[in-house]
Protein chains: 2
Amino acid sequence: MKKRKIAIMGLGTVGGGAYDILTRNRDYILKTQGLDIEVKYILDRDVTPLEKRGIPVSLWCASADALAADPEVELVIETMGGVEPAKTFISKMLSAGKSVVTANKELLAKSWHELEPIAKAHGCGLYFEASCVGGVPVIRALGESFQGDKVQAIYGIINGTTNYILSKMSRDGCDYATALSDAQRLGYAEANPSSDVDGYDAAYKLSILASLAFHTCVPYGSIYREGISGVSARDIENAHELGYEIKLLAIGKRDGNNIEARVHPAFVARDHALSSVSGAFNAVYLQGDYVGNLMFYGAGAGAAPTGSAIVSDVVKALGGSPKYCDFDNNGKLDKNINLVGDFVSGYYIDISVEDKPGVLSRISTVLGENNVSIKAATQAPGDDGTANVVFLTHRAGEKSVMRSLESIGKLASVINVQSVIRVL
Amino acid sequence: MKKRKIAIMGLGTVGGGAYDILTRNRDYILKTQGLDIEVKYILDRDVTPLEKRGIPVSLWCASADALAADPEVELVIETMGGVEPAKTFISKMLSAGKSVVTANKELLAKSWHELEPIAKAHGCGLYFEASCVGGVPVIRALGESFQGDKVQAIYGIINGTTNYILSKMSRDGCDYATALSDAQRLGYAEANPSSDVDGYDAAYKLSILASLAFHTCVPYGSIYREGISGVSARDIENAHELGYEIKLLAIGKRDGNNIEARVHPAFVARDHALSSVSGAFNAVYLQGDYVGNLMFYGAGAGAAPTGSAIVSDVVKALGGSPKYCDFDNNGKLDKNINLVGDFVSGYYIDISVEDKPGVLSRISTVLGENNVSIKAATQAPGDDGTANVVFLTHRAGEKSVMRSLESIGKLASVINVQSVIRVL
């Protein structure tokens, strides 16, 4: 049996996880997949990461050029993260005809359209199952299942950090700052948590998932993005009372040539399958015109699940021939595609008012004038002669709602609009 | 663009669903997959099914031999159901080098090991995503994802009829007979419901799923099977009080060369993702050594979802080359595999007793002597001086529990053991 030699660039958590699986399950993969896979090189700044993991330092390789020049290496795993030098290194490997398996969602979201043609030109493949939702094969499913279906909508809980924070707020009743510092203490959130809590990470992944689902480039920069730092303990309490959980959703919809793509906190009804996806778990829920509603659920990150996705791609790449996505518009939205900003949704609105007669009626009138109809309304006393008015609206246009809120903010007796959260 | 010609054998619900998708989304499939797929023939007893669906009767074909002899037909969809003549027809098509896409779980569970070698010998493929869990790509996932993982366990709610019945009993508090006749009225259950309610259908599917997951043949006949007709309204009520739902689970586990494979009703804790899979929905939950816990969820049956899975296989078959499973032991359990009958589980046990002092203690003693330890016990008055004793046990061996119950049945003051249901 011919040994199939590969290399790993970047021996951090995920790269280490992939190495572990390839080493410990090597015989199992040989037996079940007929592939004898050997890691020939590990590229990193120095040998320290190898020593720390008890990996023979003889595998260490200092130079991407040397790696690219070795004809024995068929495939390279990229687990360095970030845009550079990962992008330059991946380009080198693809240009040398080596397939690349990557977990790098930021790089993919930003440069997929540049890397894919290099792979195509050199007859090798670019694989990225590990870039979204850990080991859950959602990239595979979008690319190679329900090919006869037009995917109409995709709803994802695809960032573990924010889901951990929102789940903790929901369970413990604590506020955002407390839940964030708990997540940081446990290693679920970075010291600078912006990439997660501001929705960048989810937007990277939505760009990849929606591009595959809708067979057209949905550029990262075209995605509406709103993070979770504005979600208050009071919003979560109100959500519970109304029968909802609050989740950071990544939403993609396609109707003909109209596409919506947005990441924002959303009310999810308790009887929806997505509402029970809690903690660091992730899920992708999608609707096809024939297949109906599907959900894929599992661990969203971590060395083992992400490593599992990488190894799956390695097996796929070594066992078959690559397929390519077309990026005929250089990574921009197709000219025929209309990115819809004025989408339709239900809304949760929390308004602080002076507790005087007629306020609720005046607010309702403004909503009515803008065609925003009310599904439920409650008014509860606040501090010092104020009251909190909470509305749940029927489905209404985003722009109509925002226009209403602008007018409402100017009404006499209205103190301020405290929260606006969309409802799934 | 070359037209790729295919045929459909059996124009029932599922065959009709596949025809609809191939026709209505033909341009979409051409655009996104680069395949122009045309249905050249439909094989059925007469033209009536074609006329009913408004399909040109010129597509009608009366003979499997004529179909097999047409070199233009690359692939045949089999949606006849049942073992014969489907098996003979599929063999003819494979022998003529035509790939076959089937939704026939009964045939696959019984004859996969005979059909796969014919496909291999003639360089064509046998595809069966549609055999399990409608359009949810669980066959694809088991065959082509987490290849680096040893799958350790698989838990499926894979029969929509029984899940509909149990969900209705859970929601409405009605008994089994009422829920069954409701399911029959709505078309969810057959007039003769045995294949579903007695667990045959779930066992066919478990044989297919477990064989793929564990990379070894798990013969249909080796699966322990128990249906849902013994589940009472009282069991469901007790389950709710204890924080559980009752589901018909298909369970496969592998630990080294030990395999468990069983279909039976089970208590599923309310906080387990499987407990919320209700109505006609299906789900497969699995555990890999690296990927962790995953769940795939969606519509389990129906013309559109199953048709979607068929079309997905057609695209896969026409766009790539087939892979084969090895059945080196002619469809029997591998000699090295030990099928475990004495598995470990928690148990729910409902016993009717005479309401006299000391009964609970005597029962507990018997359980203790057999190493069955009690997690929770309640005693409630029954009719005419009787009482109902309900136990929830910690995890214990199946054989120990059954031995205990035999002894308990013989105790003075014990009237009978009314229910035993395993706990997930």
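Quick look at the overall build of chain A now. Along chain A, the regular secondary structure elements total 15 helices and 18 strands. Taking 424 residues into account, the globule formula puts the C-alpha radius of gyration at 22 Å, and chain A, at 24 Å, falls close to it. C-alpha extents for chain A along the principal axes are approximately 85 × 45 × 35 Å. Out of the 424 residues in chain A, the part that is buried amounts to 50%. Contacts spanning at least 24 positions in sequence make up 74% of the contacts within chain A whose residues lie at least 6 apart.

Our next topic: helix α15 (residues 398-409) of chain B. Residue and element names in this part refer to chain B. Taking 1.5 Å of rise per residue, the twelve residues of α15 would be expected to cover 16 Å, and the 16 Å separating its terminal C-alpha atoms lies within 8% of that figure. Val401, Ser404, Leu405 and Ile408 are the residues of α15 that are buried. What you see down the axis of α15 is that its buried residues fit within an arc of 100 degrees, all on one side. Set apart from the buried face of α15 by more than 90 degrees, the exposed residues are Lys399 and Glu406. Those residues of α15 that are buried are in contact with β14 (344-354), α14 (359-369), β17 (396-397) and β18 (414-423).

What follows is about the sheet that holds strand β6 (residues 126-127) of chain B. Residue and element names in this part refer to chain B. Strand order in the open sheet formed by six strands is β3-β2-β1-β4-β5-β6, and the pairing between neighbours is parallel. Of all the strands in the sheet, the pair left with one neighbour each is β3 (60-61) and β6. Bridge count for strand β1 (residues 3-9) against strand β2 (residues 36-43) is seven bridges, and the pairing is parallel. By the bridge assignment for β2, Ala7 is matched with Tyr41.

As a further point, take the interface of chain B and chain A. Between chain B and chain A, the residue contacts involve 40 residues of the former and 40 residues of the latter. Elements with a minimum of two residues in the side of chain B that touches chain A: α2 (26-33), α7 (138-144), β12 (292-299) and α13 (303-319) of chain B. In this sheet, β12(B) lies alongside strand β12 (residues 292-299) of chain A in antiparallel orientation, the contact comprising five bridges. Paired with A:Met295 across the strands is B:Tyr297, a residue of β12(B).

This paragraph deals with the domain arrangement of chain A. Residue and element names in this part refer to chain A. You can read the domains of chain A as domain 1 (3-131), domain 2 (138-299) and domain 3 (344-423). The centre of domain 1, based on its C-alpha atoms, is set 29 Å off from the matching centre of domain 2. Contact with domain 1, which involves nine residues of that partner, is made by eight residues of domain 2.

To continue, consider the environment of A:Cys174. All names here are of chain A. Residue position: Cys174 is located in the loop between α8 (160-172) and α9 (176-185). Along the backbone, Cys174 and Arg234 are 60 residues apart, and their C-alpha atoms lie at a distance of 9.5 Å. Apart from residues no more than four positions distant in its own chain, Cys174 is found in contact with Lys168, Met169, Ala179 and Ala233.

Before going further, it helps to spend a moment on the sheet that holds strand β5 (residues 99-102) of chain A. Pairing between the strands of a sheet comes from backbone hydrogen bonds, and it takes one of two forms, parallel or antiparallel. All names here are of chain A. Read across the sheet, six strands follow the order β3-β2-β1-β4-β5-β6 without closing on themselves; strand pairing throughout is parallel. Here the strands that pair on one side only, and so sit at the sheet edges, are β3 (60-61) and β6 (126-127). Two strands pair when backbone bridges link them, and strand β2 (residues 36-43) and β3 are joined in this way by two bridges, in the parallel orientation. Among the inter-strand pairings, Ile42 is bridged to a residue of β3, identified as Trp60.

Bringing the environment of A:Ser58 into the picture now. All names here are of chain A. With respect to the helices and strands, the residue Ser58 is situated in the loop between α3 (48-52) and β3. Overall, Ser58 belongs to the exposed group, with 10 C-beta atoms counted inside 10 Å. Counting along the chain gives 16 residues from Ser58 to Ile42, while the straight-line C-alpha distance between them is 9.1 Å.

Turning next to the pairing of β12(A). Among the eight residues of β12(A), seven are classified as buried, and the element is accordingly described as predominantly covered. Linking two consecutive strands that pair antiparallel, namely strand β11 (residues 281-288) of chain A and β12(A), is a turn of three residues.

The subject of this paragraph is helix α6 (residues 105-121) of chain A. All names here are of chain A. For α6, with 17 residues, the first-to-last C-alpha span of 22 Å sits near the 24 Å given by 1.5 Å per residue. Taken together, the buried positions of α6 are Lys105, Leu107, Leu108, Ala109, Trp112, Leu115, Glu116 and Ala119. Once α6 ends, the next one or two residues include Gly123, with phi positive near 70 degrees.

What follows is about the pairing of strand β9 (residues 244-255) of chain A. All names here are of chain A. Most of β9 sits out of view: eleven of its twelve residues are buried. By the bridge criterion, four bridges tie strand β7 (residues 151-157) to β9 in an arrangement that is antiparallel. Each bridged residue has a counterpart across the sheet, and for Ala153 the counterpart in β9 is Lys253. Two elements, β9 and strand β10 (residues 258-269), share twelve bridges in a ladder whose sense is antiparallel. Bridge assignment links Ile246 to a residue of β10, and that residue is Phe267.

Cut-offs and rules
Residues numbered from 1 in each chain as written. Chains lettered and ligands numbered in written order. Predicted model: local features only at pLDDT ≥ 70, side-chain atom pairs only at ≥ 80, totals over all residues. Helix = DSSP H or I, 4+ residues; strand = E, 2+ residues; numbered from the N terminus. Rg over C-alpha atoms; globule rule 2.2 N^0.38 Å. Buried ≥ 20, exposed ≤ 12 C-beta atoms within 10 Å, placed from the backbone. Contact = placed C-beta atoms within 7 Å. Expected span 1.5 Å × (residues − 1). Arc of directions from axis to C-beta. Pairing = 2+ DSSP bridges. Domains from an automatic or database assignment.

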